[in-house]
Every structure is written in structure tokens, then in C-alpha cells.
Amino acid sequence: MSSAEQAARFLKELEPEDIRVLLAIEKVLRAREQVSADYIANSTKLHVDEVEYRLSRLNAKGFIVKRNQGYSLVSSGLDVIALYAFVKRGLISGMGRALGVGKEADVFEAINDKGDLYAIKFFRIGRISFRDIKRKRAYTSPLYSHQWLVVNMGAAKREYMVLKKLYPIGVAVPEPIAVERHAILMRKVFGSRLSEWRDIDNPKRVLIEILSNLRKAYIEGGIVSSDLSEYNILYDGEKICIIDWPQAVGKEHPNSLILLDRDVLNILTFFRRKFKIDCPLEAATFYVRGWSDNLPIKA
Ligand SMILES: Nc1ncnc2c1ncn2[C@@H]1O[C@H](COP(=O)(O)OP(=O)(O)OP(=O)(O)O)[C@@H](O)[C@H]1O
Ligand SMILES: [Mg+2]
């Protein structure tokens with residue numbers, strides 16, 4: 001079972017004292033790597049025996065780890081905190097199946113009381129694979145390093161801010177609902193990654209759709225994805241949706257045009273290779289930058 005699934009399951013048996021202890025550890029995340037039972041007792045006003053009990057329970061479930069001078073929060077503990085917050089805010093009532101497990105995030109389906117479907121993206125930057133552990137002979141996973149949790153919270157916030165900017169101006173991105181810690185709650189998008197489509201009805205129209213969305217994001221939103229590829233575009237046979245924006249940069253970034261051109265090149269290369277659609281790179285980049293309105297595509 002994945003860490004987020006464990007967290008979701010635990011939410012059902014979570015008691016107020018558990019979350020108080022987790023929140024007390026999280027509160028000092030940036031300042032302290034390890035937190036002692038005494039410190040937590042002091043900040044939560046819980047009896048130290050109660051704190052000890054909660055700590056050993058959370059430790060046994062893998063939400064925190066015991067170290068020589070106290071306890072540290074780990075990724076799945078932060079999953080509990082984020083899920084708890086979404087539920088408490090009344091945004092979701094349950095978590096479902098995995099929608100995607102990427103290099104830098106795990107994405108799960110979620111649902112609210114009315115049956116609306118959402119996607120939760122939990123950031124996992126710094127996660128080390130089992131193979132890496134063996135290869136590098138590293139016995140302490142960087143997941144235990146609380147600094148990665150801080151990095152992931154920053155990434156979630158950045159991607160959320162980008163979606164908040166692009167969605168209202170009509171760029172085809174998932175509708176952002178909320179951000180909590182290292183997790184973004186967004187509307188579920190249907191369809192599958194463009195890379196998985198063998199054949200599409202009107203590839204020329206789809207290419208135009210993608211480029212015009214990049215143009216809008218750049219000109220009206222002042223934003224460049226800088227990680228665009230056929231893997232970060234979802235398509236349902238009709239509409240496209242561009243996902244995965246944590247590394248996006250603003251127009252004012254010194255490399256923004258280079259990154260924008262690279263995004264365009266990735267897409268043109270994919271369409272040329274897979275669908276035999278041709279569009280000169282220069283014309284496409286001029287179009288996306290807003291320097292011309294002309295998009296000469298040969299199908
Ligand atoms: N809003 C959404 N609705 C439905 N599915 C989604 C949504 N967001 C992401 N996914 C699914 O989760 C997968 C991973 O999402 P995303 O690309 O944002 O994360 P990632 O970890 O950066 O992925 P990768 O490392 O593969 O690029 C996507 O390929 C997609 O299948
Ligand atoms: Mg991705």
C-alpha cells in the first residue's frame with residue numbers, strides 16, 4: 001500500500017490527540033529535525049504519557065520515525081496532515097484509486113459528499129527508489145530528511161499558484177481547488193496522456209489547441225511551463241488539458257524564452273514523429289510569443 005493510501009486509511013481511526021501531536025511536530029518542521037516528547041507535551045498541553053503513547057502509535061504506523069533525540073515527521077505523516085485538512089475544510093470526504101505515480105508525485109482520485117471527483121497530487125521530490133538505495137548504498141532514505149518535506153510544500157504551493165493564475169483566464173489546466181502542505185487538490189481531468197494515444201482524429205486541431213494554450217499562458221498569464229511534453233498533456237478525444245506546472249517560470253525569468261521554445265520544440269517533435277504533422281519551429285515560437293498570428297501547419 002502506498003503512503004497516501006496508508007494515510008487515508010488511518011484518517012478513519014485518527015483521534016484528536018494524534019493530529020495534535022502531528023501538527024506540533026509539523027509546526028517546527030523548518031527549525032527542528034527531531035522533536036522530543038517533552039517538547040510536544042509542552043506545546044500541545046497534553047500529558048507526556050499521552051504524548052508518548054501517540055508517538056509510539058504514529059511511529060508504528062510509519063507516519064513519524066524515532067531517532068536518537070526524538071521523532072521526525074516523514075512523507076506519509078505529512079499526507080495524513082494534508083488529507084485531514086482537506087476533509088476538515090469539507091472539500092473531500094474520501095480518497096480513491098491511484099491516477100498516476102510519477103517521478104515527483106503520486107496522484108490519487110478523491111471524492112466529496114456530492115460525488116464530485118477530484119485529483120490530489122502529493123509531491124514526492126527527493127523520494128529515492130529501492131534501486132537507488134541499493135546502488136548508492138544509502139541506508140538512510142532522504143525521505144527522513146525533513147528538508148525534503150519543506151521542498152515538497154514549496155513545490156505544491158508554486159504549482160497551485162500557477163494553476164490559480166492560468167485557470168481563470170481560460171488556459172486548459174485542471175481547476176485548482178486548494179493546497180495543503182505538499183498536496184494540491186484539483187478537479188479530476190478525464191482522458192489519458194497524449195503519449196498513450198496511437199491515433200487521434202484530427203491531430204492538426206489538437207496541435208493548434210496546444211500551441212494556442214501555450215500562447216495564452218505566456219501572453220496573458222506571463223507563464224512558461226518549462227516541462228511540457230506529450231506526458232504532461234491529458235486528452236479525452238476532444239479536449240486537451242496541460243498538467244504538471246511546479247517548475248513553471250514567469251515571463252520575467254532570464255531563460256523564459258529559451259524554455260518556451262523548448263516546450264514548443266518538444267510538442268512539434270512529438271507531432272511530427274507520431275502524427276506526421278509539420279510546423280516550422282520558428283513560426284510556432286513566433287506564434288506562441290505573440291509576435292505573429294500565423295501558424296503554418298502541414299498535415
Ligand atoms: N487533475 C488530474 N486529473 C486526472 N489525472 C491527473 C490529474 N493530475 C495528474 N493526473 C495523473 O497523474 C499523473 C502524474 O501527474 P503529474 O504529471 O502532475 O506528476 P509527476 O509526478 O510530475 O509526473 P511525471 O514524473 O510522470 O511527469 C499524470 O500523468 C496523470 O495521469
Ligand atoms: Mg508529469
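Definitions and cut-offs
- Residues numbered from 1 in each chain as written.
- Chains lettered and ligands numbered in written order.
- Predicted model: local features only at pLDDT ≥ 70, side-chain atom pairs only at ≥ 80, totals over all residues.
- Heavy atoms only, no water.
- Helix = DSSP H or I, 4+ residues; strand = E, 2+ residues; numbered from the N terminus.
- Contact = heavy atoms within 4.5 Å.
- Areas by Shrake-Rupley, 256 points an atom, 1.4 Å probe, with all protein chains shown as cover.
- Lys, Arg positive; Asp, Glu negative; His and termini not counted.
- Charge placed at Lys NZ, Arg CZ, Asp CG, Glu CD.
- Axes fitted to C-alpha atoms, helices over the stretch in contact; angles between N-to-C directions.
- Parallel < 35°, antiparallel > 145°, perpendicular 65-115°, else oblique.
- Left-handed = near helix turned anticlockwise from the far one by under 90°.
- Domains from an automatic or database assignment.
- Buried area = accessible area lost by both parts, 1.4 Å probe.
- Salt bridge = Lys/Arg side-chain N within 4 Å of Asp/Glu carboxyl O.
- Donors = N, O, S within 2.8 Å, 3.2 Å for Na, K, Ca; no water.
- Buried < 20%, exposed > 50% of the residue type's maximum accessible area, 1.4 Å probe, protein only.
- Near = heavy atom within 4 Å.
- Polar contact = N/O pair within 3.5 Å; in protein donor to acceptor, adjacent residues only side chain to side chain.
- Nonpolar A, V, L, I, M, F, W, Y, C, P; charged D, E, K, R; others polar.
- Pairing = 2+ DSSP bridges.

Our focus in this paragraph is the overall build of the protein. From N to C terminus, the protein includes 10 helices and 12 strands. Relative to all contacts within the protein whose residues are 6 or more apart in sequence, the contacts with residues 24 or more apart total 63%. Summed over its atoms, the accessible surface of the protein is roughly 15,200 Å², and 50% of this surface lies on carbon and sulfur atoms. With 47 positive and 37 negative side-chain charges, the protein shows a separation of 3 Å between the mean positions of the two kinds.

As a further point, take the packing of helix α1 (residues 3-11) against helix α5 (residues 75-88). Here α1 crosses α5 at 50 degrees, and the two axes come no closer than 8 Å. One finds that α1 runs oblique with respect to α5. Crossing geometry of α1 relative to α5 is assigned as right-handed. Between α1 and α5, the contacting residues are Ser-3, Ala-4, Ala-7, Ala-8, Phe-10 and Leu-11 on the first element and Ser-75, Ser-76, Asp-79, Val-80, Leu-83, Tyr-84 and Val-87 on the second.

As a further point, take the domain arrangement of the protein. The domain boundaries assigned to the protein delineate domain 1 (1-188) and domain 2 (192-289). Look at where the C-alpha atoms of domain 1 and domain 2 centre, and you get two points 31 Å apart. Listed as interface residues are 15 residues of domain 1 and, on the opposing side, 14 residues of domain 2. Taking both sides of the interface into account, the surface hidden between domain 1 and domain 2 amounts to around 1,200 Å²; carbon and sulfur atoms contribute 67%. Joining domain 1 to domain 2, the criterion identifies one salt bridge.

Another aspect to go through is the coordination of the magnesium ion (ligand 2). Only Asn-232 (OD1) and Asp-244 (OD) from the protein coordinate the magnesium ion (ligand 2), and they sit 2.2 Å from it. Of this pair, Asn-232 sits in the loop between β9 (223-224) and β10 (233-235) while Asp-244 is found in the loop between β11 (240-242) and β12 (249-250), placing the two residues 12 residues apart along the sequence. When sorted by exposure, Asn-232 lands in the same class as Asp-244, which is buried.

What follows covers the site of ligand 1. Residues in contact with ligand 1 amount to 18 residues; listed here are only the nearest, Lys-103, Ala-105, Lys-121, Val-189 and Asp-244. Within the backbone of Arg-187, a nitrogen or oxygen atom sits 3.2 Å from a nitrogen atom of ligand 1. For ligand 1, an oxygen atom lies 2.8 Å from a polar atom in the side chain of Asp-244. If ligand 1 stood free it would expose 610 Å²; the protein chains cover 90% of that surface. At the level of secondary structure, the elements contributing two or more residues to the shell around ligand 1 comprise β3 (94-101), β4 (105-111), β5 (117-123) and β7 (183-187). In the shell around ligand 1, the residues fall into eight nonpolar, three polar and seven charged. The residues that make up the shell around ligand 1 include at least three from each of domain 1 (1-188) and domain 2 (192-289).

Look at Asp-244: it is not a glycine, yet its phi comes out positive at around 70 degrees. Despite not being glycine, Lys-276 shows a phi value in the positive range, around 55 degrees. Inspection of the secondary structure puts Lys-276 in the loop between α9 (256-275) and α10 (281-289).

Relative to the helices and strands, Arg-57 resides in helix α4 (residues 48-61). The exposure class assigned to Arg-57 is buried, which follows from its relative accessible area of 15%. Setting aside residues no more than four positions away along its own chain, Arg-57 makes contact with Phe-10, Glu-13, Leu-14, Glu-15 and Asp-18.

Spatial strand order, β8-β10-β11: three strands in an open sheet with antiparallel pairing. Two strands close off the open sheet at either side, each with one partner strand: β8 (192-193) and β11. Where β10 meets β11, three bridges bridge the pair, whose relative direction is antiparallel. In the sheet register, Tyr-235 faces β11, and the bridge partner there is Ile-240. Contacts from helix α8 (residues 203-219) reach β10 and β11 within the one sheet, and its direction differs from that of β11 by about 35 degrees.

Our next topic: the pairing of strand β1 (residues 64-67). Here β1 runs beside strand β2 (residues 70-73); their pairing, made up of four bridges, is antiparallel. Residue Arg-67 lies in a different strand from β2, and its bridge partner there is Gly-70.

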